[in-house]
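Each chain, letter by letter, is given below.
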Amino acid sequence: MHFWHALAPWEFSPALCIVVVLAALLYCRHASQGSVWHQLSFWVGLASLYIVSHTDFDYYAEHEFFVHRLQHLVLHHLGPFLIVLGIPGAVWRGAASFPASRAVDTVRATARSPATEPASHSGRHVHADRATPAIRADAVNAAGSLLRWLCHPYLSAALFNLLVLFWLVPAVHFPAMLDWRLYRLMNASMLVNGLLFWAAVLQGAAPGWPQLRTGLRVGLMLAVIPAQIVIGALVFFAPRELYPVYTLCGRAFAGLSALEDQQIGGLILWIPGAMMSVVGILYVLQARLRTPASMGP
Amino acid sequence: MHDSDTGLWVGMERRPTPSRFHRTRRVGKALLGVLCASLFGGCTPSVAPRLADVQGHLPDLAFQLTSDTGAQVTAADYRGKVVLLYFGFTRCADECPATMARLTASVQQAGTGAQDVRILLATVDPAHDTPALLHQYVKTFVDGHPVGLAGDAAATLALVKRYRAAYRPPVQTAHATMAGMVATDTTAPAASGTAPAMDADTLPMHGAAVYVFDRSGHARRLITPADPVDAVASDLRALLAEPA
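Here the focus is the packing of aromatic side chains. How two aromatic rings sit relative to each other is set out by the distance from centre to centre and by the angle between their planes. The full count for this structure, using the stated rule, is 22 aromatic pairs over all chains. Consider the rings of F197 of chain A and W198 of chain A, whose centres lie 5.0 Å apart with planes at 75 degrees: the pair is edge-to-face. Like W198 of chain A, F197 of chain A is buried. Summarising the aromatic geometry, the rings of Y163 of chain B and F213 of chain B are spaced 5.4 Å apart at their centres and angled 75 degrees between planes, so their arrangement reads as edge-to-face. Here Y163 of chain B, found in the loop between α4 (153–162) and β7 (167–168), pairs with F213 of chain B, found in strand β9 (residues 210–213); they are 50 residues apart in sequence, far enough to count as distant. Per residue, the accessibility class of Y163 of chain B equals that of F213 of chain B, and both read buried.

As enumerated under the stated definition, the model contains three cavities of 30 Å³ or more in all. Volume-wise, the largest cavity comes out at about 50 Å³. In this structure, the largest cavity is lined by R69, H72, L73, H76, H77, V164, Q228, I268, L269 and G273 of chain A. Residue assignment for the lining of the largest cavity shows that the elements contributing at least two residues are α5 (65–86) and α15 (258–290) of chain A. Examining the composition of the lining of the largest cavity, we find that five residues originate from one element, α5 of chain A, more than from any other. Looking at the lining of the largest cavity residue by residue, the classes come out as four nonpolar, five polar and one charged. In this structure, the second largest cavity occupies an estimated 40 Å³ of space. The wall of the second largest cavity is formed by E62, H63, M177, L178, V245 and C249 of chain A together with R164 of chain B.

Moving on, we get to helix α9 (residues 153–168) of chain A. Residues and elements named next belong to chain A. With 16 residues, α9 ought to run about 22 Å at 1.5 Å a step, and its terminal C-alpha atoms sit 23 Å apart, in line with that. Within α9, the full set of buried residues consists of P153, S156, A157, F160, N161, L163, V164, W167 and L168. Where α9 is buried, its residues meet α5, α10 (170–178), α11 (180–202), α12 (214–223), α13 (225–237) and α15.

This brings us to the packing of helix α3 (residues 36–54) of chain A against α5 of chain A. All names here are of chain A. Where α3 meets α5, the axes come as close as 7 Å, and the angle between the chain directions of the two elements is 155 degrees. In terms of axis orientation, α3 runs roughly antiparallel to α5. At the point where α3 passes α5, the crossing takes the left-handed sense. From α3, H38, S41, F42, V44, G45, L46, S48, L49, V52 and S53 reach across to α5, where they touch Q71, V74, L75, G79, P80, L82, I83, L85 and G86. Here the residues of the contact of α3 with α5 sort into eleven nonpolar, eight polar and no charged.

So, how was this worked out
Residues numbered from 1 in each chain as written. Chains lettered and ligands numbered in written order. Predicted model: local features only at pLDDT ≥ 70, side-chain atom pairs only at ≥ 80, totals over all residues. Heavy atoms only, no water. Phe/Tyr/Trp six-rings, centres within 6.5 Å; stacked < 30°, edge-to-face > 60°. Buried < 20%, exposed > 50% of the residue type's maximum accessible area, 1.4 Å probe, protein only. Helix = DSSP H or I, 4+ residues; strand = E, 2+ residues; numbered from the N terminus. 1 Å grid on protein atoms, 1.4 Å probe; cavity = no way out; pocket = protein on both sides within 12 Å on 5 of 7 lines; lining within 4 Å. Points joined across faces, edges and corners; volume = space filled by probe spheres on them. Nonpolar A, V, L, I, M, F, W, Y, C, P; charged D, E, K, R; others polar. Expected span 1.5 Å × (residues − 1). Contact = heavy atoms within 4.5 Å. Axes fitted to C-alpha atoms, helices over the stretch in contact; angles between N-to-C directions. Parallel < 35°, antiparallel > 145°, perpendicular 65-115°, else oblique. Left-handed = near helix turned anticlockwise from the far one by under 90°.

In short, shape yes, function no, at least from these values alone.
Encoded structure:
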């Protein structure tokens, strides 16, 4: 009874349930041809995301700073890392066959085709027919372009640092922990950015962009280390309480003082965050060394 | 040397006279500035908030509990009043009485509107704090304003969760629960003759925040233990001045 109770959500989120179920279904249908290590990596990654955001763990993350940092470590680093590793390289390289890409191409094709049909109706109807598909095609192209730019690997890496900084600014952290909408936005932004970043650096796969070279991937992983070290150190060495919301709304662990909690959280941000980049670099380098030179990046 | 033709000193250049277009733009900008100042000047309160401002971040006041007079009350019963809600319990030796004392002092200092302020103490120990016990507890403070609220474990948990407050229910020695959720049968130990131990482990744990709601039930401020009495009184006066 306690086990099932432990899996029950602290705050129910239908969006999260849908995302997790969809991810599981998509994986089983399209990406589960990898080895047992691939499968294990994916399921452990997905389960860890669910556990830190949709069980009692979330209560502790809301009321203890270092647990909140642990939650973000999983959402931003560990979970996406394992999920990306769980999808075999062949699937990443064949990403053009993904249902989403096919759907976008279909929409683009239908949006463009009526405009090239010969005019067979009266003048006004023809004008209206030709205008609407053109506008639709432009809108779809613009949206697709925007989405593509949002997935740019440099932007993902920049956002990786900026998001860590942004949500830890005390004036932002206070409403983020109080307002459930901002709280979910914070966690969702970490997850989405984490997935985009680690997909780009571990597999070289940024949606809409060509495969990234190994050197660039290593460079991006190195680029996200300094910010985490600096912010983690600033939080660790802060002489006073930066995030009073935890004391205000009550801490989950009565034995830890505010500064102790903050220091542990700073350490979690400083050390494991930077370590993940090192692990990622090692993975990418060993994969490169194992690949014959003729197969390219 | 003064140049008699241009009227300027030699070596200086006359600034070009602004064309009509530029003059119109400047006048337009000035008017826009006046308009903005009047619009936003009218919106900003004359006194800046001194407490933590949480407007728009926390849900409106809503609950269904039993008051210390035994009546079933909901948040609708307090519409039109400025409400100070906080979580505590009668067995709390230091924090809760101090909070209540500070709040009653602030309300008294708030002046003429003070009769429209209600202090709600929602107990996080509903098994022990019956309405009668709560009534006795709040009566020791200023009469008329503090109201004790009780409720079952589920209603208490719902209220605590609604306002993002930490909460660990009292642990009964024989029936330890997982933090936060399952309500134990707290009457069982009493029936068997063993009174629950009164050390720190078994008392409920809760946050120290006081939530301030305006006359319409919207969450407006958060009072911390560090806020001085006059800051609380000043913000109460501002909220009391607002219409319902």
